[in-house]
Amino acid sequence: MKKIYIMAMVAVSILPFSSCSDFLDREPITKPEAGNFLTGAVQVENYINGLYMTLPSFTKFGLGVRSKEKNSDNIVAEKYDQRLHGQNNQFSGASEWQTGYQNLRKVNYFFHNYRVSKELETEDVLSLKGEAYFFRAYWHFDLLKKFGAIPVMDTFWDENATIAGLQIPAKSRNEVAKFILSDLDEAKRLLHSRSKYSGIRVNKEAAMVLAMNVALFEGTWEKYHANDDFAAPTNESPYFLGEVIKWGDELFGCGIDLYKVGQNPGDAFAALFNSKDLSGMDEVLLWRKYSNEQGVFHDVNGNLKAGIVDSEGAAGITQSLVDNYLYKDGTPINPNDSKFKSFKETFEKRDPRLLQTVMNDGAKFASSITATPMHLEEYSEEKKNKISPPKLAGDGNARSLTGYHIRLGIDTTFVSGNGETALPVIRYAEGLLAYAEAAEELGQWSPEIAGKTLKALRERVGVTYVTPVKDSYFTDFGYELTPVLQEIRRERRSELALQGFRLDDLLRWKADKLIVGKRGKGAYIYKGADESLLFKSFSPDNRKRIKERLLLDDNGWADPMAGTLPSGYQFHTDRDYLLPIPPSELELNKTLKQNPKW
């Protein structure tokens, strides 16, 4: 089955796709006779394998999900995210809309042509059918997050490919969320458990975590957007948050344990992202396997080795993300403490996830055979071969804007060539975080819930669990958070950093105060005569280059986008929470209404 799965990662779809607006002029579908198609296990499996192409992946070029979070406050990039800066236009949602409905069309084509007889409908075939329900839920969720109210594609629309037939009204966002949960409920009923294929196929537990994510997203969206133009027609926040708890209680009965390995607690977290085989890590519920031998590989290792944070240009992890992590003893830092002007001290006695997520002194970009560990020391000709500071003086997309590079996913056995590190798609930790947040939002928080969620996640990585207290330096969302909710939000950012979650969290929390008028900053570089060791680690020529190119704020911290974004991001709070429905769709389907202010 592993070989079959690998082939699925490169399988070419057997169907051409089209968006709703292309229905009337698309090419005809090429398919076998309907009476002979999808009638047996092999045909069903081959078709479902093609759906895996639509899941997140690493690509041959670029960093994939690792650099995606330049759309948030976790990464600052020269090629900044246009949505954050309020520069989207009425066509900005076209690609996302088309991709979502293309993928839904392919899933519904499966349901439309499924002809397996009852006597041939084995548990394996039914599990494959469950995978189709999962994929339909997955892509409706993607569209819900981006557009809100949408037409639900629960049938094969080609049967109604006329102007009249395509006048399909959008369902309200909470109706869409309920439809997604119903598909996932059916998926859960049909799917095998993770143990059947060791997480390389969609499974029962993965469907349960996805359902928890859907319910959490909708429940918190409806709470925090209850009084704005993005509100659901009726506020059903308690219902959806209750669904998180219901699914979570069942998930806890599946016997999943957080993975632990080695003497260094950080190793367990790092192993989730720098390993080639995740089959033995039960907490990785669904993952992508890569194999150079099978011709399925990526270039993430090569990019990380070069210090690249964004393949489109110079970038860096933000100081804001670095400041989010606790000390190992479970207490928060004071970011104004002068010791954090020291790059080395910034990482001392901190949550091991910080050290595994961000490059720090002593860490390697790649194999010890070829790579010099990052090392800061005052530059001299005698020591220059031992000194390896962040790439602040580099060129192109390998240049750091902040002093902070990505370490998450670095394979220390990698020398050169094609990358084979696996990609986690759904993890058990997501379910724990969703459960914790829903419980606190519902007023159900307890020591028992803390023990199996927040406490378990922190202690797994060697961070002492401390009963939450108010942290006056914690991110200001513009509204009051309980100490527990503060720590849950901190934990989400620490556990899920650089994995594609941050923008969705900011949007559902209505956290525009973290965006508007803000821009990402970086490490302390130097201040007058009091030059930092980070700055002193460069040669005189490179110090000159850094001074000429890197802007600093009045206190000496890297402020690389001060010239480009002098007033910070100009996110439109009355518009940019949702993408615009493409004008071509509005022209075709007269029942659709454009999202607010577009």
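Residues numbered from 1 in each chain as written. Predicted model: local features only at pLDDT ≥ 70, side-chain atom pairs only at ≥ 80, totals over all residues. Heavy atoms only, no water.

Student: Would you take a moment to explain the overall build of the chain for this structure?
Tutor: When helices and strands are counted, the chain shows 21 helices and 6 strands. Its C-alpha radius of gyration of 24 Å places the chain within 12% of the 25 Å reference for a compact globule of 598 residues. For the C-alpha atoms alone, the extent of the chain along its principal axes is close to 80 × 50 × 50 Å. In the chain, which comprises 598 residues, the proportion classed as buried is 57%. In the chain, 77% of the contacts between residues at least 6 apart in sequence involve partners at least 24 apart. Carbon and sulfur atoms form 48% of the exposed surface of the chain, whose accessible area is close to 23,300 Å². Here the chain carries 76 positive and 81 negative side-chain charges, and the mean point of each set is 3 Å from the other. (Helix = DSSP H or I, 4+ residues; strand = E, 2+ residues; numbered from the N terminus. Rg over C-alpha atoms; globule rule 2.2 N^0.38 Å. Buried < 20%, exposed > 50% of the residue type's maximum accessible area, 1.4 Å probe, protein only. Contact = heavy atoms within 4.5 Å. Areas by Shrake-Rupley, 256 points an atom, 1.4 Å probe, with all protein chains shown as cover. Lys, Arg positive; Asp, Glu negative; His and termini not counted. Charge placed at Lys NZ, Arg CZ, Asp CG, Glu CD.)

Student: Got a minute to help me understand the confidence of the model for the chain in this structure?
Tutor: Reading fine detail from the predicted coordinates is not recommended where pLDDT is low. Per-residue confidence for the chain gives a mean pLDDT of 92; residues scoring 70 or more make up 94%. Scored below 50 in pLDDT, residues 1-35 shows 85 contacts in the model against residues more than four places distant or in partner chains. (pLDDT = per-residue confidence, 0-100.)

Student: Is there a simple way to explain the nonpolar core in this structure?
Tutor: The nonpolar side chains of a soluble globular protein tend to be buried, and buried together. In this structure, Phe110, Phe134, Leu184 and Ile426 are the most contacted members of the largest nonpolar core, which totals 108 residues. Not counting residues up to four positions away in its chain, the partners in contact with isoleucine 426 are Phe134, Ala206, Val209, Leu210, Glu283, Val284, Leu285 and Leu286. Counting residues in each nonpolar core, the second largest holds 58 residues, with Ile406, Ala422, Val461 and Phe535 among its members. (Core = buried A, V, L, I, M, F, W, Y, C linked by side-chain atoms within 4.5 Å.)

Student: Explain the packing of helix H7 (residues 204-224) against helix H14 (residues 428-441) to me, please; I cannot follow it from the model alone.
Tutor: A packed helix pair is summarised by two numbers, namely the angle formed by the two axes and the spacing between the axes. It is the contact of H7 with H14, at a shortest axis distance of 9 Å, that shows an interaxial angle of 35 degrees. Our pair here, H7 against H14, has a crossing hand that is left-handed. On H14, the residues that touch Val209, Met212, Asn213, Leu216, Thr220, Lys223 and Tyr224 of H7 are Glu430, Gly431, Ala434, Tyr435, Glu437, Ala438 and Glu441. Grouping the amino acids of the contact of H7 with H14 by side-chain chemistry returns 7 nonpolar, 3 polar and 4 charged. (Axes fitted to C-alpha atoms, helices over the stretch in contact; angles between N-to-C directions. Left-handed = near helix turned anticlockwise from the far one by under 90°. Nonpolar A, V, L, I, M, F, W, Y, C, P; charged D, E, K, R; others polar.)

Student: Looking at this structure, how should I read the pattern of salt bridges?
Tutor: When their charged atoms lie close together, side chains carrying opposite charge are able to pair. A full pass over the atoms with the stated rule returns 50 salt bridges. For lysine 455, the salt bridge goes to glutamate 459, with nearest N and O atoms at 2.8 Å. Here lysine 455 pairs with glutamate 459, and both are found in helix H16 (residues 454-460), just 4 residues apart, close to one helical turn. (Salt bridge = Lys/Arg side-chain N within 4 Å of Asp/Glu carboxyl O.)

Student: Whenever I open this one, the packing of helix H5 (residues 173-190) against H7 confuses me. Can you help?
Tutor: The interhelical angle for the contact between H5 and H7, taken along N-to-C directions, is 165 degrees, at an axis separation of 9 Å. Taken together, the axes of H5 and H7 are roughly antiparallel relative to one another. For the pair H5 and H7, the sense of crossing is left-handed. Of the residues in H7, those touching H5 at Arg173, Asn174, Ala177, Ile180, Leu181, Leu184, Ala187, Lys188 and Arg189 are Lys204, Ala207, Met208, Leu210, Ala211, Val214, Ala215, Phe217, Glu218, Trp221 and Glu222. (Parallel < 35°, antiparallel > 145°, perpendicular 65-115°, else oblique.)

Student: Even after reading the chapter, I still don't get the pairing of strand S2 (residues 284-288), so can you show me in this structure?
Tutor: Burial of S2 is extensive: 5 of the 5 residues sit out of reach of the surface. Where S2 meets strand S4 (residues 423-427), 4 bridges bridge the pair, whose relative direction is antiparallel. By the bridge assignment for S4, tryptophan 287 is matched with proline 424. (Pairing = 2+ DSSP bridges.)

Student: Would you mind showing me how to read empty space enclosed by the protein here?
Tutor: The rolling of a water-molecule-sized probe over the atoms marks out the regions of remaining empty space. Under the defined criterion, the tally for this structure stands at 4 cavities of 30 Å³ or more. There is about 40 Å³ of room inside the second largest cavity. Together, Glu69, Asn74, Arg492, Arg493, Leu496, Ala497, Phe501, Arg502 and Asp505 line the second largest cavity. Listed by contribution, the elements that provide at least two residues to the lining of the second largest cavity are helix H17 (483-496) and helix H18 (502-508). In terms of residue count, H17 provides more of the lining of the second largest cavity than any other element does, 3 residues in total. Counted by class, the lining of the second largest cavity contains 3 nonpolar, 1 polar and 5 charged residues. (1 Å grid on protein atoms, 1.4 Å probe; cavity = no way out; pocket = protein on both sides within 12 Å on 5 of 7 lines; lining within 4 Å. Points joined across faces, edges and corners; volume = space filled by probe spheres on them.)

Student: Is there a simple way to think about the layout of surface pockets in this case?
Tutor: Roughly 990 Å³ of volume is contained in the second largest pocket. In terms of lining, the second largest pocket is formed by 34 residues, of which the most central are Gln319, Ser320, Asp323, Thr475 and Lys518. By residue number, the principal contributor to the lining of the second largest pocket is helix H11 (residues 319-324), which donates 4 residues. Here the residues of the lining of the second largest pocket sort into 11 nonpolar, 10 polar and 13 charged.

Student: Quick question: what am I supposed to make of the packing of aromatic side chains here?
Tutor: Note on aromatic pairs: each is described by the distance of the centres and the angle between the planes. Taken as a whole, this structure holds 31 aromatic pairs when the rule is applied. With centroids separated by 5.7 Å and ring planes inclined at 25 degrees, the aromatic side chains of phenylalanine 217 and tryptophan 221 adopt a geometry described as stacked. Remark: tryptophan 221 and phenylalanine 217 occur in helix H7; sequence separation between them is 4 residues, near one turn of the helix. A residue is classified by how much of its surface remains accessible, and phenylalanine 217, at 4% relative accessible area, is buried. A ring pair is formed by phenylalanine 252 and tyrosine 435, whose centres lie 4.9 Å apart and whose planes are at 75 degrees; its orientation type is edge-to-face. Of this pair, phenylalanine 252 sits in helix H8 (residues 237-252) while tyrosine 435 sits in helix H14; the two residues are 183 residues apart in sequence, bridging distant segments of the chain. Chaining the aromatic ring pairs together yields one cluster made of Tyr47, Tyr109, Phe110, Phe111, Tyr114, Tyr133 and Phe156. (Phe/Tyr/Trp six-rings, centres within 6.5 Å; stacked < 30°, edge-to-face > 60°.)

Student: What should I look at first to understand unusual backbone geometry in this one?
Tutor: Trans peptide bonds make up the majority, and among non-glycine residues the majority have a negative phi. A positive phi angle, near 55 degrees, is found at serine 198, a position not held by glycine. Mapping serine 198 onto the fold places it in the loop between helix H6 (194-197) and H7. Of note in the backbone geometry, lysine 510 takes a positive phi value of approximately 50 degrees without being a glycine. Looking at lysine 510, the relative accessible area reads 28%, which means it is partly exposed.

Student: I would appreciate a short explanation of H8 in the present structure.
Tutor: Because an α-helix packs 3.6 residues into every turn, residues spaced three or four apart end up facing the same way. Its 16 residues give H8 an end-to-end C-alpha distance of 23 Å, which sits within 8% of 22 Å, the value for a rise of 1.5 Å per residue. All of the buried residues along H8 are Ser237, Phe240, Leu241, Glu243, Val244, Ile245, Trp247, Gly248 and Leu251. (Expected span 1.5 Å × (residues − 1).)

Student: Hey, could you run me through the environment of aspartate 299 in this one?
Tutor: Take aspartate 299: it is sitting in the loop between S2 and helix H10 (300-305). Residue classification places aspartate 299 among the partly exposed residues on the basis of a relative accessible area of 22%. For the pair aspartate 299 and leucine 38, spaced 261 residues apart in sequence, the C-alpha separation works out to 36 Å. Look past the residues within four positions of aspartate 299 in its chain and what remains in contact with it is Thr59, Lys60, Phe61, Gly62 and Gly417.

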